[in-house]
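If you want the building blocks of each chain, they are given just below.
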Amino acid sequence: MNYHLFSVFLLSIVLQFLIGSSQGDISYSIPEEIKLGSVIGNIANDLGLDAMTLSVRETRLDVDGNTRLYCGINSQSGDLVVAEKIDREKLCGQRLACSLKYELVLENPLELHRVTVKIEDVNDNSPRFPSERIQLEIRESADKGQRFPLNEAHDADVGINSIQGYILDNNDYFVLAVHTNRDGGKYSELVLERELDREQQDQVTLLLTAVDGGKPQRSGTAVIQITVLDANDNIPVFSHEQYNVRLAEMSPLDTIVTAVSATDADEGQNGKVSYDFSRISDKEANIFSINKDSGEIRLIGEIDFEEETYYEMRVQARDGSGLVSNTKVIVEIQDINDNAPEIFLKSLKNYIPENANPGTEVVIINVQDKDSHGNKEARCEIEPNVPFKLIPSIKNYYSLVTTTELDREIISDYNITITATDEGSPPLSSSKTIHLRISDVNDNPPVFEEQSYSAYVTENNKPGSSMCSVTARDPDWRQNGTVVYSLLPSEVNGVPVSSYVSINGDTGVLHAVRAFDYEQFRSFKVQVVARDNGSPPLSSNVTVSFSITDENDNSPQILYPAPEGNSLMTEMVPKAALAGSLISKVIAVDADSGQNAWLSYQIVKSTDPALFTIGLHSGEIRALRDISESDNMKQSLVISVKDNGQPSLSTTCAVYLLISDNLAEVPELKDMSYEDSNNKLTSYLIIALVSVSTLSLTFIGIIFAVRMCQRRKPRMLFDGAVAIPSGYFPPSYAEGDGTGTLRSSYNYDAYLTTGSRTSDFKFARSYTDNTLPADLTLNLSQDSINNGSNYSAMVII
């Protein structure tokens, strides 16, 4: 049996493939009940494609509605295989032609092929009589050759596998006559060959066998029980040989489908007719019932046009004596618009890149309606104002495509409602909403919140301290929107910018790498790069300007008079100087700037506090009153120069003044410095004298010896013409007016003659390198004095 089935299967595949190929569609034939996983055919070869192409193009089988699939495609080999058990009788009932129809869908591009798998019947059902026992009552007066119709057996198989004949066991009274109905069905009649004699035998039992034409052959039996009665010479006669009825689907239960009617010319019990189904399937028996007395056929089960379009039954009329006749009832189911269109999504792409070109296919939509004719026609549409549209494709397929460019940063997802409406009356519709997400593409560079940034940093800052922060936003998603900060390589004063500033790559906070000095440089710029993590990465730059703010970290520096230890600077004051006369000027600078460089001058110590004053901001030393003869010739001033910073810093200097008009009257100038120095060391000398009393006399002797040696040296008239060396100025010193300092070229000249009591001052004359240091003195002999030699002394302030 298996070998035979396999041979039939192979032959049917070859024949159907050849026929299908010639028609442009693919057709196969297989027997029912074939083993799961059996190969029906190779779709890839039949389409002229390879198996890999089928897999890449997402090939699939589609069927209408919720019909079971039964078959599947092996994506690796391209074979069409059996996926579920196929029972032709359950699938197609009594229909001779039984097939599974599929739509083979290939995507990219969309391609549609019809695939038909014909199901060949296998003889897997035996004939079956409606009842295992057939009761007949035949009058003994029945004539020889009289015929008695028998119940027709039913076989679920079709064609050659259906009932092909009946066999009656050997007996003395009857032979069997087999006939064919107009629809091809076989039925049998008992033919009386020998007259009955009730007195000899009132009961006759026969065995009736129904056989089909399958291999192996199957059969079913029924026992005929004949009761010999008196004569009944008329059989029931139906009013119609065939009853055709139309019944709307979804009709309510207990609806009268039709009523069959048969009459019998006999009287009494012989003319009383009863009705029953003589041939009906199990499925139909659960849907229809017949009233045995009236012949009314009623609906007892639900009918659905989408499941079955017509039903065929045989009704038997039997009189009281057992004579029967048969008629056929065909019920045609009429379709009503009771099914809304169904929307099936094929190859849905949930994520669409935002750079997708207009016309990109998003999803394939298949609309199906189980109804028929106009009720099945449906149109599909989506709501307006979305960047998508539906394009009708093959048959009842639509493609949802983009119409414009998408931008995830504006709209990140869409809810598209698809509505399908049929052409029925009233029309039915259904909707399905799909959620489409727009996937991000790195199409936006980071954008800084400011076009440029500026920050102020106080000098002497702590290394590692934060100076400012920059922020850039990237509207892209995830790594495409993750911003990393870095510094663009550059140099500041010839040094890499990374030696001055660092940046936190995650937060954009800029930190100082070293302490800054306002006096070295006051501002610099860096370029910050914001780069995302996309592929390829996008970036943008911004300029960050840093201004170093000054801190009061520099004390004022005295330019004039020169600091002690370098040279002894002495100013000569005429005895005739009047109150308000300009005596000298203290010149100081401060390397800081702004108010930190605003200097103020103050006399903190002087020989005669009431004799001189100093300008608070100019540093000019002037006479408070007229010079008198009683004033001490040697005057010393300790000047404090203080800046305006917080806290303020200061420094001091000593100014030595000599009140005299005649150089001959000038004593040794160095005594002034020693005198002042001794004043400073008084406290230390007292401690030293107390603690080291044994050395005090020696110390005094040494001092005395030194004094004697100095007297033997030529007397220094005075250190004339002191100039300020240009190299002494601080490196960042800038000359300016109004800050309490004088320009380096602002000098004074004094011209004196021997014996004169007056002096002439000449202003605005520049001297640079004519200053006499303290260790170089002018040699003046006594003869020169007596002879009245002229000499001049130049004092530069």
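(A) Region of interest: the confidence of the model for the chain. Looking at the chain, pLDDT values average 80 and 80% of them are 70 or higher. Long-range and interchain partners of residues 673-678, a stretch whose pLDDT sits below 50, account for seven contacts in this model, where long-range means more than four residues apart. For residues 713-797, every residue scores under 50 in pLDDT, and the model assigns this stretch 169 contacts once sequence neighbours within four places are set aside.

(B) Examining the nonpolar core more closely. Ranked by size, the top nonpolar core spans 29 residues in total, and within it L510, V528 and F546 carry the most contacts. Secondary-structure elements contributing two or more residues to this core are β33 (452-458), β34 (466-469), β36 (483-487), β39 (501-503), β40 (509-512), β41 (523-532) and β42 (539-549).

(C) Region of interest: the pattern of salt bridges. Using the criterion set out here, one finds 29 salt bridges in the structure. With a shortest N-O distance of 2.6 Å, R68 and E84 are connected by a salt bridge. Of this pair, R68 sits in the loop between β3 (60-62) and β4 (71-73) while E84 sits in the loop between β5 (79-82) and α4 (88-92), and the two are 16 residues apart along the sequence. Overall, R68 belongs to the partly exposed group, its relative accessible area being 49%.

(D) Seen up close, the packing of aromatic side chains. Taken as a whole and assessed by the stated rule, the structure comprises 13 aromatic pairs. Aromatic pair F148 and F174: ring centres 6.3 Å apart, planes at 80 degrees, arrangement edge-to-face. Taken together, the residues span a long stretch of sequence, with F148 in strand β9 (residues 147-149) and F174 in strand β11 (residues 174-180) at a distance of 26 residues. Under the relative-accessibility criterion, F148 is labelled buried at 4%. When the centroid spacing of 5.5 Å and the interplanar angle of 90 degrees are considered together, the rings of Y500 and F521 count as edge-to-face. With a gap of 21 residues between them, Y500 in the loop between β38 (495-496) and β39 and F521 in the loop between β40 and β41 connect regions that are remote in the sequence. The burial state of Y500 is the same as that of F521; both residues are buried. The side chain of R514 reaches across the aromatic face of Y500, ending 4.5 Å from its centre.

Cut-offs used in this document
Residues numbered from 1 in each chain as written. Predicted model: local features only at pLDDT ≥ 70, side-chain atom pairs only at ≥ 80, totals over all residues. Heavy atoms only, no water. pLDDT = per-residue confidence, 0-100. Contact = heavy atoms within 4.5 Å. Core = buried A, V, L, I, M, F, W, Y, C linked by side-chain atoms within 4.5 Å. Buried < 20%, exposed > 50% of the residue type's maximum accessible area, 1.4 Å probe, protein only. Helix = DSSP H or I, 4+ residues; strand = E, 2+ residues; numbered from the N terminus. Salt bridge = Lys/Arg side-chain N within 4 Å of Asp/Glu carboxyl O. Phe/Tyr/Trp six-rings, centres within 6.5 Å; stacked < 30°, edge-to-face > 60°. Lys NZ or Arg CZ within 6 Å of the ring centre and 35° of its normal.

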